[in-house]
Amino acid sequence: MTDAIVRELRAVLGPDQVLASPADRVTYSYDATYLSHLPDVVVFPASTEQVRHVLAVARAHRVPVFPRGSGTGLSGGSVPLGGIALVMTRMNRILEIDRDNMLARVQAGVITAHLQETVRAQGLFYPPDPGSARISTIGGNVAENAGGPRSFHYGTTGRYVLGLEVVLADGTVLKTGGMTTKNVTGYDLTSLFVGSEGTLGIVTEVTLRLLPPPPPARGTLVASFADLTALGRAIGALAAHPARPTSLEMVDRHCLAVVEAHRPPDIPPGVAGALLCEVLDWPEALAGRLRALEEVCRGVGAVAVSGLADAGAQRRIWAMREALSPAVARIKPTKISEDATVPIAAIPAFLADLEEIRQRWRVNLLVFGHAGDGNLHPNIICDERDADEMSRVQAAIDDIFAACLARGGTLSGEHGIGLLKRRYMPKALPPETLDVMRRLKALFDPDNLLNPGKVFPDGAVEEPLAGRPVTGPTATPRVAAEPHDKGDSANQQPLGGRTA
Amino acid sequence: MRAVEPPRNVAVGDPHHTVTAIGLAAAQGEAARCIHCGFCLPACPTYQVLGLEKHSPRGRIQLVKAWAEGRVDADEGLIEALDLCLGCRACETACPVDVRYGVILEAARDELAQRRAGQPANILLKLALRHVAAYPRRLGLAARLAARFLHSAAGRQLEMLAARRPGSWLAAALTFARALPSPRGRLEAARPSSSGGRLPGSAAAPGTTAPGRSRPRAALFAGCAQAGLFPQVNAATASLLAAAGFQLEVPAGQVCCGALHRHHGDPEHARALLRRNLQAFGLLRGEPAEVIVFNAGGCLAWIKEAASLFPAGTPEHAAARQLGVLAKDVAEVLVERGWTPGDAVQGGQRRSLRVVYQPSCHLTHVCGVTDAPLRLLRSLPGVTVALPSDGGTCCGSAGIYNALHPQVSAAVLERKMAAIAALGGGPPDVIVTSNPGCHLQMLAGVRQAGLAGQVAVMQLPEFIAWYLARPRGPLPPAA
Ligand SMILES: Cc1cc2nc3c(=O)[nH]c(=O)nc-3n(C[C@H](O)[C@H](O)[C@H](O)COP(=O)(O)OP(=O)(O)OC[C@H]3O[C@@H](n4cnc5c(N)ncnc54)[C@H](O)[C@@H]3O)c2cc1C
Ligand code: SF4
Ligand code: SF4
């Protein structure tokens, strides 16, 4: 079976673009979560036409296709559950930068930072800034509607997508949107594909809106709070103020404890948490704006505030932020990073919930995230080899999502549902909403060939953590391993692994 | 995709592999710390050139982990992935959670080396490393023989064959062979004299003054490739150290550092060499110099990690650790001494020189020496210094990687030359490196990019000494 498929794929793509060795299958079995599952074959299409060919083979043999960009996803979205891993990195050309219309047309496999740098060199600006920009692809960003710190001011990837070229499961090459920022000609199909996590079609080309560069002067506001209620109030007050910053990030006291060695003098010891904001403005306006924002923080009870325009002082703040990830990783090997997002007025209450969950389940829970968007990233630091701890972690995660939903929030702000969060979907969405989503999926992909097993809760296992295999609606033929293939044992490997 | 012929018939051993638990266990433990984030992907030259996850640090780590856990075998794909790693360690600097990739790679390569120990190619490599590479004189002789062969009738025929197949293994291999210098007659100058003492031609560089302070003892590590192929670099290093007021020694009895042996699965020989160096540099007697100066980033990096060859608690282990502490890069030593070559230059008009500094990967990623070389170069009046636009990633030399995998090495080098061209303003006057392997590679790169006769390639001490000797003179001789 596999042999026939591999042969057909090689006939249409060429031998270099179809790989099925154990080493290739292992190295395309994961994303940035700890989930992994071997694909049967890995393909690297170089054109829209080749994507169509792959889908034709997939249809003929009813083999599932799992689109993948750079595999930096944090929800298991590109983890293949057998079948064909369709890797888009070879479609990495910037097709056009149209300065007059301020837009770029790119292939889906273009690396985000490559686009950012290329347009910057032409005096333009592509705002979405996921932390993974140097690695992630534009296609992956579109499929997850990726955000970043500056989304607070500039919005997420979707705001910049003007049009798409998408290959549907039946081979149709669909063009959505166009070249204009305003467009009400029929349904907004572009937005339907944004955040669709590779379940509705393969994005092959993206037309993106560009902006003029932000003003050149950079300032940093850092404000510390003695209690989380005050910190939560400050988030709301900063977001509502006319001088609102360009980004609005938070770190709680558990994070500050981890990077105590890097704590800048601007943050007094022992505070409950701090807000770190970037402010971009014109040089002559920066100082005034920083002062106004300092006032806002003081008004809601900050215990220390500094508006920094000095480059060295700012560097200390962001160096502390950068030191956080490695410092956290040193505590324990497993990091479970959630993406719960709540309306901003609910942040103080949600932070209180998180503190209670931390104590209830005795887990090492830290919060650092895009506070201005209500997009908190509760992170649990644990050790997957400790079964007792992991069962408490699982309980804590269940509680985090329950609390998040109870506060009017949502499962994911920017990482998507993928495999990790699908089992919470029925709790997050009314049955009618989920049903319409299913009908849309069936309309675009009646044979359930594209990224099956993702997003929808069908067949999701109860415990996605550590060591349990993922079973899902991949009711597709299990493609037999190649004769020489010993690597198949990897299929029994931790599917429901940890999340990164 | 750039097609790389996978090595054939290399899968060896029992397919149900009996993993030597101890070695791979270390790799497995470290690999478990990798969070799959992919931050190392853009830093990895082989991923950038080959575009496949198995040629990325994340991919290699996951492969080794799968191997250690018995999920894959050491088959062609895994072996190819590990063989094609440059070992440049750029991934370690890029990793946000400090995964020590070097530990993983070394353990996996040791395991592979054991399995491949009986294969003719590996026996040959081991012999070549033991009996040629470690000896400056034999290395120089081999380089001269290679040059003579290339000029012979047979050599010219090979060249013609290669010209018809651009991008082939042969064409790539010849690119590197042609770059080999043949330092006829200069060998004696470079070898540590049997009695120890000063290198000929190592008088203090003209126009410099030694600071009027105490004169600490500095022992020079002469190296094998450095001494055999680029003896002038050792002479220049000695002259700079003398100018900075050090009492220089070149201990007799010193030998190759053993890095190549260690990285190619011959730890026994590496251990024997290290023991001899511990002896030669007075570490076993407890009378080492105050600083042991290296001018090859690759050797220095290995020496800093080499104590692991001896069991903890042994005198050798303690001595090797002390060696690791005393061992320093020449630029670091000069900067710490407070000696700035620019200060030694008298005023007056100087011609402007555009220098590209291509650092040694191991100097950057293992030793963390990044500022000192730039500070020295930038102190020279009229000299503008830039890193290649890629920030100075691996040039593809990587020990003897260019000899073992010439095609991939040539592809990495091509990107490097493009990164230098991307700086704009035409080719630089000089490419300065900090390791003999990089020196060789950049010589090949200059030719490959069609810049022969336009760009000089020098190592850092060599360039500074040259500059101090003739600040107003002509450009250094181009490669
Ligand atoms: C250290 C780190 C920091 C991160 N920071 C952020 C952040 O600040 N903000 C943020 O939003 N995310 C962040 N992420 C998550 C991740 O980088 C984003 O989700 C990113 O958009 C994924 O891109 P990718 O190319 O790696 O896609 P992959 O992980 O390969 O795939 C992601 C999803 O997209 C689908 N897909 C990929 N390409 C296509 C295509 N051409 N057509 C259809 N479907 C496709 C896949 O099927 C999958 O469902 C971070 C991740 C890491 C590891
Ligand atoms: S050592 Fe260099 S070549 Fe090897 S994986 Fe790391 S970055 Fe890539
Ligand atoms: S950067 Fe570090 S943690 Fe991330 S994939 Fe590479 S080695 Fe693993």
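Check the entry above for the structure.
These lines cover the structure that appears in this document, whether it is placed above or below. All figures in this text were calculated on a predicted structure; none of them were measured in a lab.

Each value, and the rule that gives it
Per chain, the residues get numbers from 1 upward, laid out in the order the sequence is written. The lettering of chains begins at A and the numbering of ligands begins at 1, in the order of writing. Only residues with pLDDT of at least 70 get local features here, since the model is predicted, and only at 80 or more are side-chain atom pairs given and counted; chain-wide, interface and lining totals rely on the full set of residues. To obtain the side-chain values, all non-hydrogen atoms of the structure were included, while hydrogens and water were left out. A pair of sulfur atoms, both from cysteines and within 2.5 Å, is called a disulfide here. One heavy atom suffices: a residue is near a molecule or strand as soon as one of its heavy atoms comes within 4 Å of it. For helices the rule is a DSSP run of H or I covering at least 4 residues; for strands it is a run of E covering at least 2, with both sets numbered from the N terminus onward. Residue contacts are counted whenever heavy atoms from the two residues lie within 4.5 Å of one another. Here the nonpolar core consists of buried residues drawn from Ala, Val, Leu, Ile, Met, Phe, Trp, Tyr and Cys, with membership extended through side-chain atoms lying within 4.5 Å. For every residue, the accessible area obtained with a 1.4 Å probe (protein chains only) is divided by the maximum for its type, and the residue is called buried under 20%, exposed over 50%, and partly exposed between those limits. The definitions used throughout rest on a 1 Å grid laid over the protein atoms alone, on which a cavity is an enclosed set of points accommodating a 1.4 Å probe that cannot get out and a pocket is an open set flanked by protein within 12 Å on both sides along at least five of seven lines; lining residues are those having an atom within 4 Å of a point. To qualify as sitting in a cavity or pocket, a molecule needs more than half of its atoms within 2 Å of the grid points. Think of it as three bins: nonpolar holds Ala, Val, Leu, Ile, Met, Phe, Trp, Tyr, Cys and Pro, charged holds Asp, Glu, Lys and Arg, and polar takes everything else, Gly as well. Two strands are counted as paired when DSSP detects at least two bridges linking them. Fitted lines through C-alpha atoms serve as axes, helices being fitted only where they are in contact, and the angles separating the N-to-C directions of these axes extend from 0 to 180 degrees.

Attention now moves to the state of the cysteines. On inspection of all chains with the given rule, the structure shows zero disulfides over all chains. Unpaired in this structure, Cys 361 of chain B has its nearest cysteine sulfur neighbour in Cys 394 of chain B, at a distance of 3.9 Å.

What surrounds ligand 2 is the set Cys 44, Pro 45, Thr 46, Pro 57, Arg 60, Cys 85, Leu 86, Gly 87, Cys 88, Arg 89, Cys 91 and Tyr 101 of chain B. Looking at the shell around ligand 2, the elements with two or more residues in it are helix 2 (45-50) and helix 3 (57-68) of chain B.

All names here are of chain A. As for its placement among the helices and strands, His 262 is situated in the loop between helix 9 (253-258) and strand 12 (273-281). Spatially, the C-alpha atoms of His 262 and Ile 317 are 8.6 Å apart, while their sequence positions differ by 55 residues. Once residues within four sequence positions are removed from consideration, His 262 is found in contact with Met 320 and Ala 323.

When a protein is soluble and globular, its nonpolar side chains tend to lie buried together. In terms of nonpolar packing, the biggest core is built from 72 residues, with Leu 274, Phe 463, Ile 464 and Tyr 467 of chain B touching the most fellow members. Here this core gets seven residues from one element, more than from any other, and that element is helix 24 (residues 460-469) of chain B. By size, the runner-up hydrophobic cluster in this structure holds 58 residues, among which are Phe 152, Leu 354, Ala 371 and Phe 401 of chain A.

Residues and elements named next belong to chain B. Around ligand 3, the structure places 13 residues, and the nearest of them are Cys 34, Cys 37, Gly 38, Cys 40 and Cys 95. In a pocket analysis with a 2 Å cut-off to the grid points, ligand 3 is assigned to the largest cavity. Here the residues of the shell around ligand 3 are counted per class, giving ten nonpolar, two polar and one charged.

For the rest of this paragraph, the subject is the sheet that holds strand 2 (residues 247-249) of chain B. All names here are of chain B. Read from one edge of the open sheet, four strands run 2-1-3-4, paired in parallel fashion. Two strands in the sheet have a free side with no partner beyond their single neighbour: strand 2 and strand 4 (327-329). Each strand axis lies, on average, 35 degrees off the axis of its neighbour in the sheet, ignoring direction. Where strand 3 (residues 291-294) lies against strand 4, three bridges are found, and the strand directions are parallel. Among the inter-strand pairings, Ile 292 is bridged to a residue of strand 4, identified as Ala 327. Strand contacts of helix 16 (residues 297-305): strand 3 and strand 4, with the helix running at about 150 degrees to strand 4, the strand carrying the most contacts. On the sheet, helix 17 (residues 315-326) packs against strand 3 and strand 4 and is oriented at approximately 25 degrees with respect to strand 4.

Taken by themselves, the reported measurements are silent on function.
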